[in-house]
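Fold and contact review
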Amino acid sequence: MRRALLAITGLAASTTALVVLKGTPGTSQAAPDRPVAEAPVVPGGSAAPDPTPGGVTPTAGPGASVKPSAKAGASRTPGARTSSTTRATTAAPRTTTSAPKATTRTVTGPVVSYKYGSLQVRITLSGSRIVDATGLGMPLDGQSGLRSDDVQARYSGSSGEVVAKQSANLSTVSGATYTSTAYKQSLQAALDKA
């Protein structure tokens, strides 16, 4: 019998404490929206006796819902302002989803030796897209230089075939087969690294 009485008393005390702590505005939760002139409700007490604009007085206690009741004899006077309420608003944090900024990086392929010399290709990527390509260390003079110029003109630059096709699957430059093949090999290795 004593145990049951102690258990019931403990349960009642903890429930009351929970209601009082959770029901008190300003402790850990925001006060509910109410008219500006309304006095706060004190747990275990009542609302302040001042009437609210519009003649409505809320009645509330711990665990009870707020129900407005009209006051007897309340009337509006001509020219009096109608009740205005101010609501405390908390702006929700605004989450913006912007496109991730593409990082620009350069990747250089290995040096590839071929019949007329050696070359390597350097590509510039923005994100995963190729935006520029260039051949490095290509022969500059004689027939080899002319072939290198033809390959550079077709493949390299921001408007070259590498950027247009976004791959190493390039058409061979006529008269510069060895240079074209070496360029594609170095380009493919650079793409594999990227």
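What this report covers is the structure whose coordinates are included nearby. Predicted model only: the values in this text are computed from it and were never measured. (Residues numbered from 1 in each chain as written. Predicted model: local features only at pLDDT ≥ 70, side-chain atom pairs only at ≥ 80, totals over all residues. Heavy atoms only, no water.)

**Focus on the pairing of strand β5 (residues 117-126)**
Pairing of strand β3 (residues 104-108) with β5, which is carried by five bridges, proceeds in the antiparallel orientation. Each bridged residue has a counterpart across the sheet, and for V107 the counterpart in β5 is I123. Sheet analysis places strand β4 (residues 112-114) next to β5, joined by three bridges and oriented antiparallel. Bridging from a neighbouring strand, V112 pairs with L119 of β5. Here β4 hands over to β5 after two residues, the two strands then running antiparallel side by side. For β5 and strand β6 (residues 129-136), the ladder comprises seven bridges, and the chain directions are antiparallel. Residue pairing in the sheet places Q120 in a bridge with L136 of β6. Two successive antiparallel strands, β5 and β6, enclose a turn made up of two residues, where G127 displays a positive phi of approximately 70°. (Pairing = 2+ DSSP bridges. Helix = DSSP H or I, 4+ residues; strand = E, 2+ residues; numbered from the N terminus.)

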